[in-house]
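# Coordinates in review
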Amino acid sequence: MSVLSSRVPPYRAGWIHYTNVAPILDDLILPAGVSAVTGVPTQMNAALLSGGVDIANISAVEFIRNADQLAALPDFSVAVLGPVYSVNLFHSVPWESLKRVALTAQSATSVALLEVLLRESGLSPSLERAEGTAQELLAAGYDGVLRIGDSALREWYGVVGPLTETTSMTALPHHKGGVTVTDLAQKWFELTGHPFVFAVWAYRQSAPPPAELLQAMRVARRHGIGHLAEVAQRHAQLLGLPERVVQHYLWNFRYHLEAPDRLGLNEFAAKVAPNHPPLVFGPALPGS
Ligand SMILES: C=C(O[C@@H]1C=C(C(=O)O)C=C[C@H]1O)C(=O)O
């Protein structure tokens, strides 16, 4: 074992540690020689491209835009078919009447997705980066606010909750107190019929990951998905949300970049960067 581990050169991972990757990352035991830092998507995207980290679960749109330099693991994704619950436009006017939208500085993919969806609706509101909660920014005069990740999940529940014992997550209202929540992945599904891939695990083609790390990630994911109720319980406490909500949120993700996810990824790539270089996936799966 020590002989194997000592062959792993120093390798740096950069994790976007939103709750949605808990089933992969919570149980991950990094092999000797591999270290990890965490940050929000825009930080990890930049760190991967500058060489600050060697592998990261980055925004899918940055993988597409930098397809000449990057490759993505063939079997890892943060994707959904239908609603995602944590990538939301909170708005105080109907979608068709949006004029001034606040964007989060954390996101790349969700901003590009919002741009695609607005364009497809024939809309061109002004888009401005601004931090704060959706409530604060709506009160400050924006008529739409894009939020992602754990805080967006909490704010979503603040608008649509609370759940009663019998309400289904998929039957919750989308409006309350003058605020509408539009789930961007659900809108993508209505537009295309395909999953939406928010993140892939990408590395610079010049610095492929050690096999030991990939093996450890696959073991961690199998364990996390196999113990999803426990993962959800832990994170429900951290987030201050009902366990039922977090369990539904987590099992709804597609973590394996399967053929339907790739259809969605390719379709998104064609819309955001029609002339992108071919997407590269590797290293090949063991046994394939
Ligand atoms: C589903 C989400 O996906 C995240 C959204 C990202 C982006 O918008 O750039 C990047 C990584 C994803 O993990 C989320 O933030 O809730």
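Residues numbered from 1 in each chain as written. Predicted model: local features only at pLDDT ≥ 70, side-chain atom pairs only at ≥ 80, totals over all residues. Heavy atoms only, no water.

- With an unreviewed UniProt entry as reference, the protein chain is termed Chorismate dehydratase, source organism Deinococcus detaillensis.
- In its Function (unreviewed entry) section, the UniProt entry covering the protein chain states "Catalyzes the dehydration of chorismate into 3-[(1-carboxyvinyl)oxy]benzoate, a step in the biosynthesis of menaquinone (MK, vitamin K2)." (UniProt positions renumbered as here; feature names shortened; annotations may be inferred.)

### Examining the domain arrangement of the protein chain
- Here the protein chain is described as being made up of domain 1 (11–79 + 198–272) and domain 2 (87–192).
- The C-alpha centroid of domain 2 is placed 23 Å from the C-alpha centroid of domain 1.
- Contact with domain 1, which involves 25 residues of that partner, is made by 30 residues of domain 2.
- Contact between domain 1 and domain 2 buries roughly 2,300 Å² in total, counting both sides, with carbon and sulfur atoms accounting for 68%.
- Its largest share of buried area at the contact with domain 2, domain 1 owes to Phe-198, Arg-244 and Lys-271, together 29% of the area lost on that side.
- A salt bridge links Glu-120 to Lys-271; the nearest nitrogen and oxygen atoms lie 3.1 Å apart.
- Inspection of the domain 1/domain 2 interface yields 11 residue pairs in polar contact (both at pLDDT 80 or more).
- At the level of elements, helix H3 (41–50), helix H4 (60–65), helix H10 (228–239), helix H11 (243–251) and helix H12 (259–272) are the ones that each hand at least two residues to the side of domain 1 that touches domain 2.
- In terms of residue count, H12 provides more of the side of domain 1 that touches domain 2 than any other element does, five residues in total. (Domains from an automatic or database assignment. Contact = heavy atoms within 4.5 Å. Buried area = accessible area lost by both parts, 1.4 Å probe. Salt bridge = Lys/Arg side-chain N within 4 Å of Asp/Glu carboxyl O. Polar contact = N/O pair within 3.5 Å; in protein donor to acceptor, adjacent residues only side chain to side chain. Helix = DSSP H or I, 4+ residues; strand = E, 2+ residues; numbered from the N terminus.)

### Structural notes on the sheet that holds strand E1 (residues 11–15)
- Strand order in the open sheet formed by five strands is E2-E1-E3-E11-E4, and the pairing between neighbours is mixed. Two strands close off the open sheet at either side, each with one partner strand: strand E2 (34–38) and strand E4 (70–80). Along the sheet, successive strands turn relative to each other by an average axial angle of 30°, direction set aside.
- Sheet topology places E4 next to strand E11 (residues 196–204); seven bridges connect them, and they run antiparallel. Counted as the bridge partner of Val-80 is Phe-196 from E11. (Pairing = 2+ DSSP bridges. Axes fitted to C-alpha atoms, helices over the stretch in contact; angles between N-to-C directions.)

### Re the site of the ligand
- Residues in contact with the ligand amount to 17 residues; listed here are only the nearest, Ser-59, Ser-86, Ser-107, Thr-109 and Ser-110.
- One of the side-chain N or O atoms of Ser-107 is found 2.7 Å from an oxygen atom in the ligand.
- One of the backbone N or O atoms of Gly-149 is found 3.1 Å from an oxygen atom in the ligand.
- Alone, the ligand offers 390 Å² of accessible surface; in the complex the protein occludes 100% of this.
- Two domains share the shell around the ligand, each providing at least three of its residues, namely domain 1 (11–79 + 198–272) and domain 2 (87–192). (Near = heavy atom within 4 Å. Areas by Shrake-Rupley, 256 points an atom, 1.4 Å probe, with all protein chains shown as cover.)

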